[in-house]
Structure formats: C-alpha cells, structure tokens
Amino acid sequence: DTGVSQNPRHKITKRGQNVTFRCDPISEHNRLYWYRQTLGQGPEFLTYFQNEAQLEKSRLLSDRFSAERPKGSFSTLEIQRTEQGDSAMYLCASSFGSTGTTLQFFGPGTRLTVL
Amino acid sequence: GQNIDQPTEMTATEGAIVQINCTYQTSGFNGLFWYQQHAGEAPTFLSYNVLDGLEEKGRFSSFLSRSKGYSYLLLKELQMKDSASYLCAVNDYKLSFGAGTTVTVRA
C-alpha cells in the first residue's frame, strides 16, 4: 500500500497523559500536513511541513502540541497533558510540489479519546 | 480569516441529481477542492477547480465562479454508496474546509 499511513488508528488515554501519533506520507511527497477533525465539522489545519521545515502552525495549536519531521519523511505529533477537548480525529495528509496548488492525499486518521 | 459555507444536510433518491453549493470568503485562494468522506474514514479527493467554469469527471462535476466566491458539486445518477459527507475546501497551500454536507441517498 503506497498511501498515507497513520499509527495508531485509535488511542484512548486519561486526561493529563502525553500521546504521540505517527504519520508516514506517500513516498517522495515533500509536503506533510496535520489536521484535526471533530464530529460534524470539516478538518481544521494544525501545521505544515515542507521537507523537514515546519513552515506554519495554526493558532489552534497550543504550546501542548508539538510536531516534528526530522528527516523530511515521517512525522510525529505529540500532545502533552491531554485535555478532554483534545478528543478528535487527527488527520495527516501529504502532497508533492513547490507551488500553492498541490493535491493533498489523506491518511486514515488517528482517533483520540481523552477520558 | 476564512469563511466557507455549505448546507448541513441534503437527501435525495437513488438515480436522482443533487447539487451541493459552497460559498467562500478567504484571504488567499489557489483553487477549490471537493472531497468525499464516509463516516469514520479519511477524506478522498473528488474534484478540483482553479479557473472559472465546469469540470466534469464521470458522475461528478464541479463548478467555480471566483468573482462570486461560489462553487458547486453536482452528483448525477445517485447511488446508495454516494451517501457520505462532502467537503468543500479552499486551497492556499493549506486547505480550509467547510463543515461538510451530509448527503443521504434513499432507495
């Protein structure tokens, strides 16, 4: 399967715990995006990498959130001291290109439940 | 800021046509995407417009008017498997999504 993959697919944690999600983009895609989606809403942009450089972070991304893409391939999204409001589907997408117009392919998402 | 509006729900009969409208007011624009999302699954790409006019891809067509900040997705010959959420997204290197339109196809 050469699509975007995400692990784990589901994560249940207790409030206050730290969690880390992984995204493996389509091979050779230089751009990687993280979005968050809550029930009944469209995905909301969190952050974006071009190769290993994190180029933009949404104001939605509090200091408890951090994302990395150390070698320009896979990426991790960590949430520290989770809160119940962090419960959502976390989607990763990747694309190839250097202009503003690139087709983003989405992974299956990681569903986070904070108890 | 970004403001993208689309209807919350639509219902149609198998074999019919449904048109999902999307209006947008955004600070940047590099095209408009339509994605389909089945419950619990990832969004999958349907159609993309960067210039004004109609793009046709099989049973799905999408239209864009940049001057009016308006797009629509047309689904023809509806099938039960088309029951899903349809997301309008404005592209400005990142995607800004509407809340999605849930389409229910009835037999």
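Up top is the structure these notes are about.
Please read these numbers as outputs of a predicted model, since none were measured by experiment.

Participant: Looking at this structure, I do not really get the overall build of chain B. What am I missing?
Facilitator: A tally of regular secondary structure across chain B gives 0 helices and 11 strands. In terms of overall size, chain B behaves like a compact globule, its C-alpha atoms giving a radius of gyration of 13 Å where 107 residues would be expected to give roughly 13 Å. Oriented by its inertia axes, the alpha-carbon framework of chain B measures out at about 40 × 30 × 20 Å. Buried residues in chain B amount to 48% of all 107 residues. Sequence-distant contacts in chain B: of pairs separated by 6 or more residues, those separated by 24 or more amount to 52%. As presented, chain B carries roughly 5000 Å² of accessible surface, and 48% of it is formed by carbon and sulfur atoms. Charged side chains in chain B number 8 positive and 10 negative. The centres of these two groups are separated by 2 Å.

Participant: Please explain the overall build of chain A as it appears in this structure.
Facilitator: For chain A, the count of helices and strands is 0 helices and 11 strands. Along chain A, helices and strands appear, N-terminal first, in the series β-β-β-β-β-β-β-β-β-β-β. Taking the principal axes of its C-alpha atoms as reference, chain A extends roughly 40 × 30 × 30 Å. Evaluated residue by residue, chain A yields a buried proportion of 47% over its 115 residues.

Participant: Help me understand the interface of chain A and chain B in this model?
Facilitator: Interfaces are often described in size by the accessible area the parts lose on coming together. Facing 21 residues of chain A, the contacting portion of chain B comprises 17 residues. Taking both sides of the interface into account, the surface hidden between chain A and chain B amounts to around 1500 Å²; carbon and sulfur atoms contribute 58%. Our count for the chain A to chain B interface comes out at 1 salt bridge. Among the salt bridges present, the one from Lys94 of chain B reaches Glu56 of chain A, with a minimum N-O distance of 3.3 Å. In this assembly, chain A and chain B are joined by 4 residue pairs in polar contact (both at pLDDT 80 or more). At the level of elements, strand E4 (31-37), strand E5 (44-50) and strand E9 (88-95) of chain A are the ones that each hand at least two residues to the side of chain A that touches chain B.

So, how was this worked out
Residues numbered from 1 in each chain as written. Chains lettered and ligands numbered in written order. Predicted model: local features only at pLDDT ≥ 70, side-chain atom pairs only at ≥ 80, totals over all residues. Heavy atoms only, no water. Helix = DSSP H or I, 4+ residues; strand = E, 2+ residues; numbered from the N terminus. Rg over C-alpha atoms; globule rule 2.2 N^0.38 Å. Buried < 20%, exposed > 50% of the residue type's maximum accessible area, 1.4 Å probe, protein only. Contact = heavy atoms within 4.5 Å. Areas by Shrake-Rupley, 256 points an atom, 1.4 Å probe, with all protein chains shown as cover. Lys, Arg positive; Asp, Glu negative; His and termini not counted. Charge placed at Lys NZ, Arg CZ, Asp CG, Glu CD. Buried area = accessible area lost by both parts, 1.4 Å probe. Salt bridge = Lys/Arg side-chain N within 4 Å of Asp/Glu carboxyl O. Polar contact = N/O pair within 3.5 Å; in protein donor to acceptor, adjacent residues only side chain to side chain.

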